Amino acid sequence: MKRCYIFLITAILLAVISSTTIYAAGNDLPDTTLARSVYVYNTDSGIALFSKNAQEAIAPASSVKLMTAILAYEHYQNDFDKKISVPKEAIDITVGNNIGLVPGEEVSVRELLIALIAGGANDAANTFAIEIAGSLDVFCELMNKKAKEIGALDTVYKNASGIDADGMVTTAKDTALITAYAYKLSGFREYAMITRYVMDKTNKSASRVIHNRNYLLSTHIEPRYYDPDAIGMNSGYTQEGGFCTVCAAEEDGLTYIFVILGAAKDENGNNSSFNMASELIDWATSNYGYINVLDPGEIVYEVPVRLAKNVDYVIVSPQTKLEYFLPLDTDIKNEVLYEIHLDEKELTAPLYEGQVVGKIDVIYKSDVIANADLITKSSVSASTFLRMIDYLKNLFKSKQVRVALIVFATLFISYLFLSYVQFKNTYRNRNNRK
């Protein structure tokens, strides 16, 4: 069941993001010049709202921890209370941000996940890597395999924490795929939203306090970046990767993912990735939404009908009302086009109400964004007389019938000719006898 669930998430993400079309909206698009790569998309529709160098290879920095957390989350899916003894090898390879784990310390999976996802703890990341795979190299193989399964084909992992390493790269679009996958795992989002957590004391340590390293959420360390609309998911910094911020937001039941990689400080020394994320959240949630692009009551088309009784045409219209995720300022009348495709240019009676006779495509910026069946709005009875005439016409158009008629005519004419010759001979013989 677990494997089926994971496969379903992956299939949905691949189907959605692989068909992404970018529709930038509004004139208030935030300035993204201080970031190397940016990607913003709506998970419900699969529409990318904004993309800047989204497929350019870049050091992933702390965003690596998203994949580490995914593997740990799925490995211990139903056993978060399990106690893990921190391996010495995990501590030996830990550098950078950590919560001070020591070899032999007994910590639950749940608290290690919180330390990793919310606190960005490298020692928690390495503990999972060694505990799950036995070595960092083998764990990286698992990470790279999972990335390919999710569809992040341009991502290569060299460690579990995101510390700069030769050949370790990702892209903003890949990171969005990975983030969306993590976001859909039950409970993952809740861990990413924890701003302050007190770890229980362990066999080798007093209790610890973990603060979220994503300053869009937590105000304990740095209050100036707080954004009440931001949801998780990861943030960090490395020399090669620069500042990275990965977060989500929800508005009117819709979910958005924001990925900012390779950001620098602004002229005031601020982490531009946090400010950029806040501005992009406001921009995306204000400018986009589902709007009505097809209404059965507004689009009707008259189609000629053959062999009908008392009528020459039937009215057809879309079977369903359609909404699509678009810029809210879209001028439906002038920017959205419709193409009607009938199964036949001229329909033939009888027809019943609701009969599918074609389809209608909805087109926006040269892309077919949606379609619906066209159905008849009423029944049309056939004329018995016209159907008989049509049957005879078609009958005589048949090659076999034409050949048969020619043969019949030839035989009939031959018969008449022979009858005439016989009659003439008989008449001559009678006259001779007289």
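Look up: the structure comes first, before these words.
Presented here is a report on the structure given in the accompanying data block.

Procedures and definitions
- Residues numbered from 1 in each chain as written.
- Predicted model: local features only at pLDDT ≥ 70, side-chain atom pairs only at ≥ 80, totals over all residues.
- Heavy atoms only, no water.
- Helix = DSSP H or I, 4+ residues; strand = E, 2+ residues; numbered from the N terminus.
- Buried < 20%, exposed > 50% of the residue type's maximum accessible area, 1.4 Å probe, protein only.
- Contact = heavy atoms within 4.5 Å.
- Axes fitted to C-alpha atoms, helices over the stretch in contact; angles between N-to-C directions.
- Parallel < 35°, antiparallel > 145°, perpendicular 65-115°, else oblique.
- Nonpolar A, V, L, I, M, F, W, Y, C, P; charged D, E, K, R; others polar.
- 1 Å grid on protein atoms, 1.4 Å probe; cavity = no way out; pocket = protein on both sides within 12 Å on 5 of 7 lines; lining within 4 Å.
- Points joined across faces, edges and corners; volume = space filled by probe spheres on them.
- Pairing = 2+ DSSP bridges.
- Phe/Tyr/Trp six-rings, centres within 6.5 Å; stacked < 30°, edge-to-face > 60°.

Okay, the overall build of the protein chain next. A tally of regular secondary structure across the protein chain gives twelve helices and 17 strands. Relative to its full complement of 434 residues, the protein chain shows a buried share of 48%. Long-range pairs, those at least 24 residues apart, make up 64% of the contacts in the protein chain between residues at least 6 apart in sequence.

On to the packing of helix α5 (residues 122-133) against helix α6 (residues 136-150). For the pair α5 and α6, the least separation of the axes is 8 Å and the interaxial angle reads 90°. The pairing of α5 with α6 is recorded here as roughly perpendicular in orientation. Within the contact between the two elements, α5 uses Phe128, Ala129, Ile130, Ile132 and Ala133 and α6 uses Leu136, Val138, Phe139 and Leu142. Each residue belonging to the contact of α5 with α6 can be placed in one class, and the counts come to nine nonpolar, no polar and no charged.

Okay, empty space enclosed by the protein next. Taken as a whole and assessed by the stated rule, the structure comprises one cavity of 30 Å³ or more. Of the voids in this model, the largest cavity is the one considered here, and its volume is about 60 Å³. Taken together, 15 residues line the largest cavity, and the ones lying closest to its centre are Ile117, Ala118, Asn212, Asn234 and Ser235. When grouped by side-chain class, the residues that make up the lining of the largest cavity number six nonpolar, eight polar and one charged.

This paragraph deals with the sheet that holds strand β14 (residues 336-342). In space, the six strands of this open sheet follow the order β14-β16-β17-β12-β11-β15, with mixed pairing throughout. Since the sheet does not close on itself, it has two edges, and those belong to β14 and β15 (347-348), each with one partner.

We now examine the packing of aromatic side chains. Counted under the stated rule, the structure contains 14 aromatic pairs. An angle of 45° between the planes, with centres 6.0 Å apart, marks the rings of Tyr76 and Phe128 as tilted. Here Phe128 lies in helix α5 and Tyr76 lies in the loop between α2 (64-75) and β3 (83-85), a separation of 52 residues in the sequence. Relative to Phe274, the ring of Tyr225 lies with its centre 5.0 Å away and its plane at 40°, an arrangement referred to as tilted. One end of the pair, Tyr225, is in the loop between β6 (208-211) and β7 (231-238); the other, Phe274, is in helix α9 (residues 272-287), with 49 residues separating them in the sequence. Across the pair, exposure class does not vary: Tyr225 and Phe274 are buried alike. Through successive ring pairs, a cluster of aromatic residues spans Tyr256, Phe258, Trp283, Tyr288, Tyr290 and Phe325.

So far we have only geometry, and geometry alone does not tell us how the molecule works.
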